[in-house]
Amino acid sequence: MPVLKKSEFVELFNEMYQPVKNYVYYKTGDMEVAEDVVQDTFVKIWEKKDEIRPNTVKALLYTIAGNLCKNRFEHQQVVFEFANNYKHEFNNSSPEFELELKEFKAKLQGAIEKLNEKNRTVFLMNRIDGLTYKQIAENLELSVKAVEKRMKNALSELKETIEYKI
């Protein structure tokens, strides 16, 4: 079984650090968490370098990062629930109207957050990272058709949410 060599690891790190960090950021919405998770992801890859095949390592990066995110969310779920239960209620309406663009951005952000994780990830990888459907499919180990369907679903949900809640 081929193993991941140090030079291949360094090349992989340089090539994939930012895309994996963006992927985690899309899932979490927190850049600090994204930094932590992507570093932990590469540590796990290095620890398992003798068991990893270089031709599947990119997909493995996304799998490990996704699992680390899930574990982190499960661990912090109690903390979030506590914080939400004791959060002070603020009056979001004020005597001054916000700018229309700011309102739209807030509604769009909310609509994006409400997308299911699979559709949101594909949407953001395409729209923010500028990845093609083929690149997204390779990174997430999906078919291009599956990526197209997720993007279609994401756009439909966004359109419906924004049009009906404006």
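Residues numbered from 1 in each chain as written. Predicted model: local features only at pLDDT ≥ 70, side-chain atom pairs only at ≥ 80, totals over all residues. Heavy atoms only, no water.

(A) How the structure looks around the packing of aromatic side chains. Inspection of every chain in the model, using the stated rule, returns 7 aromatic pairs. Taking 4.9 Å as the distance between ring centres and 70 degrees as the angle between the ring planes, the aromatic pair formed by Phe 13 and Phe 42 counts as edge-to-face. Of the two residues, Phe 13 sits in helix α1 (residues 6-28) while Phe 42 sits in helix α2 (residues 31-47), which places them 29 residues apart along the sequence. Under the relative-accessibility criterion, Phe 42 is labelled buried at 3%. An angle of 55 degrees between the planes, with centres 6.4 Å apart, marks the rings of Tyr 25 and Tyr 26 as tilted. You can call Tyr 25 partly exposed: its relative accessible area is 33%. When its relative accessible area of 7% is taken as the criterion, Tyr 26 is described as buried. Members of the aromatic cluster, connected to one another through ring pairs, are Phe 9, Phe 13, Tyr 17, Phe 42 and Trp 46. (Phe/Tyr/Trp six-rings, centres within 6.5 Å; stacked < 30°, edge-to-face > 60°. Helix = DSSP H or I, 4+ residues; strand = E, 2+ residues; numbered from the N terminus. Buried < 20%, exposed > 50% of the residue type's maximum accessible area, 1.4 Å probe, protein only.)

(B) Summary view of the nonpolar core. If you look at the biggest cluster of nonpolar residues, it comprises 39 residues, and the most contacted ones within it are Val 20, Val 24, Phe 42, Ile 45 and Met 125. Broken down by secondary-structure element, the contributors of at least two residues to this core are α1, α2, α3 (57-86), α4 (100-114), α5 (117-127), α6 (133-140) and α7 (144-165). When residues in this core are grouped by element, the largest group, 8 residues, is from α1. Residues contacting Ile 45, with those up to four places away along its chain left out, are Leu 4, Phe 9, Leu 12, Ile 52, Val 57, Leu 60, Leu 61 and Ile 64. (Core = buried A, V, L, I, M, F, W, Y, C linked by side-chain atoms within 4.5 Å. Contact = heavy atoms within 4.5 Å.)

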